[in-house]
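Now for the letters of each chain:
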Amino acid sequence: MEEGLARTERALAKLDEGTYGCCDTCGAPIAPARLQAMPDGVLCLACADSQRRAAPPRRR
Ligand SMILES: [Zn+2]
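Quick caveat: nothing in here was measured; it's all calculated off a predicted structure.

Rules and cut-offs
- Residues numbered from 1 in each chain as written.
- Predicted model: local features only at pLDDT ≥ 70, side-chain atom pairs only at ≥ 80, totals over all residues.
- Heavy atoms only, no water.
- Salt bridge = Lys/Arg side-chain N within 4 Å of Asp/Glu carboxyl O.
- Helix = DSSP H or I, 4+ residues; strand = E, 2+ residues; numbered from the N terminus.
- Donors = N, O, S within 2.8 Å, 3.2 Å for Na, K, Ca; no water.
- Tetrahedral: all angles 85-135°; square planar, octahedral: opposite > 155°, others 65-115°.
- Buried < 20%, exposed > 50% of the residue type's maximum accessible area, 1.4 Å probe, protein only.
- Polar contact = N/O pair within 3.5 Å; in protein donor to acceptor, adjacent residues only side chain to side chain.
- Contact = heavy atoms within 4.5 Å.

Can you help me understand the pattern of salt bridges in this one?
A side chain of one charge can pair with a side chain of the opposite charge if their charged atoms are brought near each other. As enumerated under the stated definition, the model contains six salt bridges in all. The salt bridge involving D49 is made with R52; its shortest N-O contact spans 2.8 Å. Of the two residues, D49 and R52 both sit in helix 3 (residues 45-54), three residues apart, roughly one turn of that helix. A network of salt bridges, in which partner residues are shared, links R10, K14, E17 and D24.

Following this line, the structure appears as structure tokens:
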């Protein structure tokens, strides 16, 4: 839950910065379909994928 909140806050910060819709890591534009599915997403598909691989979510 806390991670989700931090992500939302980051997305809102990007709105302020004017970089919303661009990847937080590589700066590439995030696909509109991806933003629609995940409005608080701040990473492009490739970066989100590599981040997921680097830090796998904890098991319940
Ligand atoms: Zn990226």
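Help me out: how do you make sense of the coordination of the zinc ion in this one?
Four donors placed tetrahedrally around a metal ideally meet at 109.5 degrees, and six donors placed octahedrally ideally meet at 90 or 180 degrees. Around the zinc ion, the donor atoms from the protein are C23 (SG), C26 (SG), C44 (SG) and C47 (SG), and they sit 2.3 Å away. Seen from the zinc ion, its four donor atoms lie at angles of 106 to 115°, and the figure they make is tetrahedral.

Got a minute to help me understand the side chain of D40 in this structure?
Summarising the element assignment, D40 is placed in the loop between helix 2 (32-37) and helix 3. Residue class for D40 comes out buried when judged on its relative accessible area of 16%. One polar contact links D40 to R7, side chain to side chain, over a distance of 3.4 Å. At 3.4 Å, the side chain of D40 forms a polar contact with the side chain of T8. Among residues more than four places away in sequence, those in contact with D40 are G4, R7, T8 and A11.

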